[in-house]
Amino acid sequence: QVQLVESGGGLVQPGGSLRLSCAASGFTFSSYAMSWHRQAPGKERELVAVISGGGSYTNYADSVKGRFTISRDNAKNTMYLQMNSLKPEDTAVYYCKAMTTSVHYWGQGTQVTVSS
C-alpha cells in the first residue's frame, strides 16, 4: 500500500524557518521523482520544488528560489523541504507527490501558517 505522510508544518512568524518531511512507503522510493506543492485558500495548487530520483536534479518555483531547499534521503525513504525566510504569502497546505511517467501519488498535506 502506497503511503506518503507529510509532517513538520505549523505556525511560524515571518522570517522564520520550518522543515517539512515526507515519509514514503509501499513503492521503490529512489525510482520516483518527488515534488512539493502547495495550495493556499481560494487558489490553485502550485508546484514549489521538484527533485529527481537520485537527487542530482532540483528545480524551484521563482517565488521560493533562494529561500527553500528540497532534498531527499533514499536510505530513509524520506524527502524534505527546508523553508527559510518565510513570508505570509507562503501560508498554504503543503503536499508531497511521488511520480513516474505513468503514475503519481499524493500525500494528505500539512498546514504551514506564516503570521505574526
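Look up a bit, the structure's there.
Let me begin by describing the structure that accompanies this report. (Residues numbered from 1 in each chain as written. Predicted model: local features only at pLDDT ≥ 70, side-chain atom pairs only at ≥ 80, totals over all residues. Heavy atoms only, no water.)

**Comments concerning the state of the cysteines**
Cut-off, in case you're wondering: Here, two cysteine sulfur atoms that lie within 2.5 Å of each other are counted as a disulfide. Under the scheme used here, helices are H or I runs from DSSP no shorter than 4 residues and strands are E runs no shorter than 2 residues, and both carry numbers assigned from the N terminus. Here's how the labels work: a residue is buried when its accessible area is under 20% of the maximum for its type, exposed when over 50%, partly exposed in between, all with a 1.4 Å probe on protein chains only.
One pass over the structure, following the stated rule, counts 1 disulfide. Bridging Cys22 to Cys96, the disulfide has an S-S length of 2.1 Å. In this structure, the disulfide formed by Cys22 and Cys96 twists by about 55° around the S-S bond and is classed as right-handed. Here the residue Cys22 occupies a position in strand 3 (residues 18-25), and Cys96 occupies one in strand 9 (residues 92-99), the gap between them amounting to 74 residues. When its relative accessible area of 0% is taken as the criterion, Cys96 is described as buried.

**A closer look at the nonpolar core**
What counts is decided by this rule: Residues belong to one nonpolar core when they are buried, are Ala, Val, Leu, Ile, Met, Phe, Trp, Tyr or Cys, and are joined through side-chain atoms within 4.5 Å. We call two residues in contact whenever any of their non-hydrogen atoms come within 4.5 Å of each other.
If you look at the biggest cluster of nonpolar residues, it comprises 30 residues, and the most contacted ones within it are Met34, Trp36, Met79, Leu81, Met83 and Tyr94. Of all elements in the fold, only strand 3, strand 4 (33-39), strand 5 (46-51), strand 7 (68-73), strand 8 (78-83), strand 9 and strand 11 (110-114) reach the threshold of two or more residues within this core. The residues contacting Met79, other than those within four sequence positions of it, are Leu20, Ser21, Cys22, Phe29, Met34, Ser35, Trp36, Ile51, Ile70, Ser71, Arg72 and Cys96.

**A few points about unusual backbone geometry**
Its identity is not glycine, yet Asn77 carries a phi of approximately 50°, on the positive side. Within the secondary structure layout, Asn77 lies in the loop between strand 7 and strand 8.

**Considerations on the sheet that holds strand 1 (residues 3-7)**
Basically, it comes down to this: Here, a strand pair is defined by DSSP locating no fewer than two bridges between the strands. Every angle, taken between N-to-C directions, lies between 0 and 180 degrees, and every axis is a line fitted to C-alpha atoms, over only the stretch in contact when it is a helix.
Ordered by their spatial adjacency, 4 strands build an open sheet running 1-3-8-7, and the pairing between neighbours is antiparallel. If you trace the sheet from one side to the other, it starts and ends with strand 1 and strand 7, each paired once. Neighbouring strand axes in the sheet, compared pairwise and without regard to direction, differ in orientation by 15° on average. Relative to strand 3, strand 1 runs antiparallel, the two being bridged by 5 bridges. Bridged to Ser7 within strand 3 is Ser21.

**Considerations on the side chain of Arg72**
Just so we agree on the cut-off: Residues scored as charged are limited to Lys and Arg (positive) and Asp and Glu (negative), so that His and the chain ends carry no count. Whenever Lys or Arg places a side-chain nitrogen within 4 Å of a carboxyl oxygen from Asp or Glu, that contact is recorded as a salt bridge. Within 3.5 Å is the distance limit for a polar contact, defined as a pair of N or O atoms, with the added protein rule that one can donate a hydrogen and the other accept it, and that residues adjacent in sequence qualify only through two side-chain atoms.
By the secondary structure assignment, Arg72 is in strand 7. Asp73 provides the closest opposite charge to the buried, salt-bridge-free Arg72, at an N-O distance of 8.4 Å. At a separation of 3.3 Å, a polar atom in the side chain of Arg72 contacts the main-chain carbonyl oxygen of Gly53. In terms of polar contacts, Arg72 uses its side chain to reach the side chain of Asn74, at 2.8 Å.

**Comments concerning the environment of Asp90**
Position of Asp90 relative to the elements: it lies in the loop between strand 8 and strand 9. Sequence-wise, Asp90 and Ala75 are 15 residues apart; in three dimensions their C-alpha atoms are separated by 29 Å. With sequence-adjacent residues up to four places away left out, Asp90 is seen in contact with Arg38, Arg67, Phe68, Ser85, Val112 and Val114.

**Remarks on the packing of aromatic side chains**
Worth spelling out the cut-off: For Phe, Tyr and Trp, rings pair up if their centres lie within 6.5 Å, where Trp contributes its six-membered ring, and each pair is then called stacked (planes under 30 degrees apart), edge-to-face (over 60) or tilted (otherwise). Consider the ring centre and the ring normal. A charge sits over the ring if Lys NZ or Arg CZ is within 6 Å of that centre and within 35 degrees of that normal.
Within this structure, the stated rule accounts for 5 aromatic pairs. Look at Tyr95 and Trp106: their rings are 6.4 Å apart centre to centre, the planes differ by 90°, and that puts the pair in the edge-to-face class. With Tyr95 in strand 9 and Trp106 in strand 10 (residues 104-106), this pair connects stretches of sequence that are 11 residues apart. The positively charged end of Arg45 is found above the aromatic ring belonging to Trp106, 4.6 Å away from the centroid.

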